[in-house]
Amino acid sequence: MTVLFVRVEAGGEDCNWKQVSNREKDKRKMKQNMQDLTEGSLGKKILIFSVPLMLSNLLQVLFNMADIAVIGQFAGSLSLGAVGSTATLVTMFTGFLIGLSGGINVLTALYYGAKDKDSLSKTIHSAALVSLIMGVLLLVLGVGLSEWMLTALKTKEELLNKAVLYLRIYYLGMPALAIYNFGNAVYSAVGNTKKPLYYLGFSGVLNIILNLFFVIVCRMDVAGVALASIISQYVSAVLILQALLRSKDIYALHPGKLRMDRELTRDILKLGMPSGLQNVIFQFANSFVQMGVNSFDAIMVAGNSAASNADALVYDVMAAFYTACGSFMGQNYGAGKKKRVRNSYLISLAYSFGIGLLLGVSLVVFGRPFLSLFTRDAAVMDAGMYRLTIMGFSYCISAFMDCTIAAARALGKSIVPMFIVIMGSCVFRVIWVYTVFAYFHTIPSLYLLYMFSWSITAVAEILYFIRIYRQKMALLRSHFAVSAMSRLTRWCMDLCSFGLCSSRNDSVTNRQEMSAFQCHIDSRK
């Protein structure tokens, strides 16, 4: 049925058809830039949505590997060790910003799916300021506490000065990283995952070029690598910020509207902060695992370091489907489509499990060629295969945990999932190291903690998700029942105001008292 609202005044005017035509053109243009995640085949759309995200994540991993390769090949082993010793602290800070952007993604998808333009605009403008403030705060903390944090991690004395220099320069890029993650979250929420990929690809290539220039030509050592990183980060932030400022779509960023809405800012922090802190605590727990690895000889430590490069490759590919899960569930929950909410979770889980299993088995089969990218020592490769063999069959299990966490966050729940993760994947690992591993003291007994911790956490997360899913769907049913009754009442009143339910004289009086209707066409089948 097609409903036409006409601009009506006392004297009567026709609808401005030119205005309607322009709006239809704008809608067509917006559809080219955004995906409506509430319609069409979920399996196909989730896959198409996730591919640019996978490529983006893989590019980021490869660019980070290029940093390590440049510093290792042209600056020496001491510089390589200094940069490597900062990995945990860098991941802690960047992981916090990634978690924060997850909350922004969920709220943006929710209000975009609900077609709530006012809340969408307030969310985006509040999120921009929250991201910038968090980026500046991390810059201040990072620069001020770099030496203390590295000392607390027992960084070797011969590496400390270079590590502090690298970390302080790198942390200067935190505001840029926060802004890029904000923009990436917004574009992912509205279904546009290609634009962030283009910007990341450009800035990544720039990063490699600057690495080579600063390290080889300018001989800036670790400072050159850090400087190249922050320049590329600011370039990507400027590009994505400029795109949002120039956009004509409903998610556009307007400088005049930049203010922090109290309620929506609280919601952003409520969803994003637990996820960010969860990433920080993960790194803390993994430091105990590294302590267990360090209890073996140097060959085993080197093998573990080489094999652990596979983690980022597999995790980041799987993470694309977690982002898709949050975006699809958020939009469909906002649109009130219960079946698509559930299926978005199940299909994303199936994809992430499948790609995790495929990549994991591939690493088991082709583990030695992979390890040869990092070492030529046969003994180190043998040691690395211990990790790849166990982890290769464990990666897919993490999908049940991480995808369910993304699903719970899409329904507005993040604190309880964070607590479950802390207990199941962090506290459990520490206990395992000091009990099971301490008893057997074998490398397999250490690596098996990943499989067991992911399994336990996944069971708890799924049980919690089933509970909140039922609650949310019950609320959704009641909400739409009330909304349907409200729409029916307004429809009857409109009919009366046009004289279809009352006398002609009454309808004339009502028409004269009405304010102007907004001119638009709402087509429904």
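The rules we used
- Residues numbered from 1 in each chain as written.
- Predicted model: local features only at pLDDT ≥ 70, side-chain atom pairs only at ≥ 80, totals over all residues.
- Heavy atoms only, no water.
- Helix = DSSP H or I, 4+ residues; strand = E, 2+ residues; numbered from the N terminus.
- Buried < 20%, exposed > 50% of the residue type's maximum accessible area, 1.4 Å probe, protein only.
- Contact = heavy atoms within 4.5 Å.
- Areas by Shrake-Rupley, 256 points an atom, 1.4 Å probe, with all protein chains shown as cover.
- Patch = residues over 30% accessible without salt bridge, like charges linked within 9 Å, V, L, I, M, F, W, Y side chains within 5 Å.
- Salt bridge = Lys/Arg side-chain N within 4 Å of Asp/Glu carboxyl O.
- Phe/Tyr/Trp six-rings, centres within 6.5 Å; stacked < 30°, edge-to-face > 60°.
- Lys NZ or Arg CZ within 6 Å of the ring centre and 35° of its normal.
- Expected span 1.5 Å × (residues − 1).
- Core = buried A, V, L, I, M, F, W, Y, C linked by side-chain atoms within 4.5 Å.
- pLDDT = per-residue confidence, 0-100.

S.K.: Quick question: what am I supposed to make of the overall build of the protein chain here?
M.R.: Along the backbone of the protein chain there are 19 helices and 2 strands. Expressed as a percentage of its 525 residues, the buried residues of the protein chain come to 48%. Intrachain contacts of the protein chain at a sequence separation of at least 6 include 83% that bridge at least 24 residues. By element, 64% of the accessible surface of the protein chain is carried by carbon and sulfur atoms, the whole surface being about 25400 Å².

S.K.: Looking at this model, I keep getting lost on a nonpolar patch on the surface. Mind explaining?
M.R.: Taken together, Phe 74, Leu 212, Phe 213, Ile 216 and Val 217 make up a surface patch of nonpolar side chains, about 450 Å² in accessible area. Summarising the element assignment, Val 217 is placed in helix α8 (residues 194-217).

S.K.: When you look at the packing of aromatic side chains in this model, what are you seeing that I'm missing?
M.R.: Aromatic rings considered in pairs are described by the distance between their centres and by the relative angle of their planes. In total, this model carries 16 aromatic pairs according to the counting rule given. Pairing Phe 321 with Tyr 351 gives two aromatic rings, centres 5.3 Å apart and planes at 20°, and the pair type is stacked. Separated by 30 residues along the polypeptide, Phe 321 in helix α12 (residues 309-334) and Tyr 351 in helix α13 (residues 338-365) bring together distant segments of the chain. Here Phe 321 falls in the buried class, since its relative accessible area comes to 2%. Ring-pair connections join several aromatic residues into one group, and the members of that group are Tyr 315, Tyr 395, Tyr 450 and Trp 454. Its guanidinium or amino end placed over the ring of Tyr 112, Lys 115 lies 5.1 Å from that ring's centre, counting from NZ or CZ.

S.K.: Honestly, the environment of Leu 97 in this entry has me stumped. Any pointers?
M.R.: Within the element layout of this structure, Leu 97 appears in helix α4 (residues 87-113). A relative accessible area of 3% places Leu 97 in the buried class. A C-alpha to C-alpha distance of 6.0 Å links Leu 97 and Ala 178, two positions 81 residues apart in sequence. Setting aside anything within four residues of it in sequence, one finds Leu 97 in contact with Met 134, Leu 138, Met 174, Leu 177, Ala 178 and Asn 181.

S.K.: What should I look at first to understand the environment of Phe 288 in this one?
M.R.: On the secondary structure map, Phe 288 appears in helix α10 (residues 262-294). Among the residues examined, Phe 288 registers a relative accessible area of 16% and is labelled buried. Spatially, the C-alpha atom of Phe 288 lies 6.4 Å from that of Val 430, the residues being 142 residues apart in sequence.

S.K.: Looking at this model, I keep getting lost on α8. Mind explaining?
M.R.: At 3.6 residues per turn, the α-helix brings residues three or four places apart onto the same side. For α8, which comprises 24 residues, the first-to-last C-alpha distance of 34 Å matches the rise-based estimate of 34 Å (1.5 Å per residue) to within 8%. Among the residues of α8, those classed as buried are Pro 196, Leu 197, Tyr 199, Leu 200, Gly 201, Ser 203, Gly 204, Asn 207, Leu 210, Asn 211, Phe 214 and Val 215. Note on α8: the residue one or two positions beyond its end, Arg 219, has a positive phi of about 55°.

S.K.: Quick question: what am I supposed to make of the nonpolar core here?
M.R.: The tendency in soluble globular proteins is for nonpolar side chains to be buried as a group. Membership of the largest hydrophobic core comes to 118 residues, with the highest contact counts inside it found for Phe 182 and Met 329. Dropping the residues within four chain positions of it, Met 329 is found in contact with Val 341, Ser 344, Tyr 345, Ala 407, Ala 410, Leu 411 and Phe 465. With 11 residues, the next largest nonpolar core counts Leu 42, Leu 53, Phe 321 and Phe 328 among its residues.

S.K.: How should the confidence of the model for the protein chain be read in this particular structure?
M.R.: Predicted coordinates in regions of low pLDDT should not be interpreted in detail. Taken residue by residue, the protein chain gives an average pLDDT of 81. The fraction at 70 or more is 84%. Mean pLDDT across the elements of the protein chain bottoms out in strand β1 (residues 2-5) (30) and peaks in α13 (94). Long-range and interchain partners of residues 1-21, a stretch whose pLDDT sits below 50, account for 36 contacts in this model, where long-range means more than four residues apart. Considering only residues more than four positions removed or in separate chains, one finds that residues 500-525, a stretch of pLDDT under 50, has 47 contacts.

S.K.: Just checking my understanding: could you explain the environment of Ile 179 for this structure?
M.R.: Position of Ile 179 among the secondary structure elements: in helix α7 (residues 174-189). Residue class for Ile 179 comes out buried when judged on its relative accessible area of 11%. As for Ile 179 and Gly 135, which are separated by 44 residues in sequence, their C-alpha atoms are 7.9 Å apart. The residues contacting Ile 179, other than those within four sequence positions of it, are Ala 128, Leu 132, Ala 237, Ile 240 and Leu 241.

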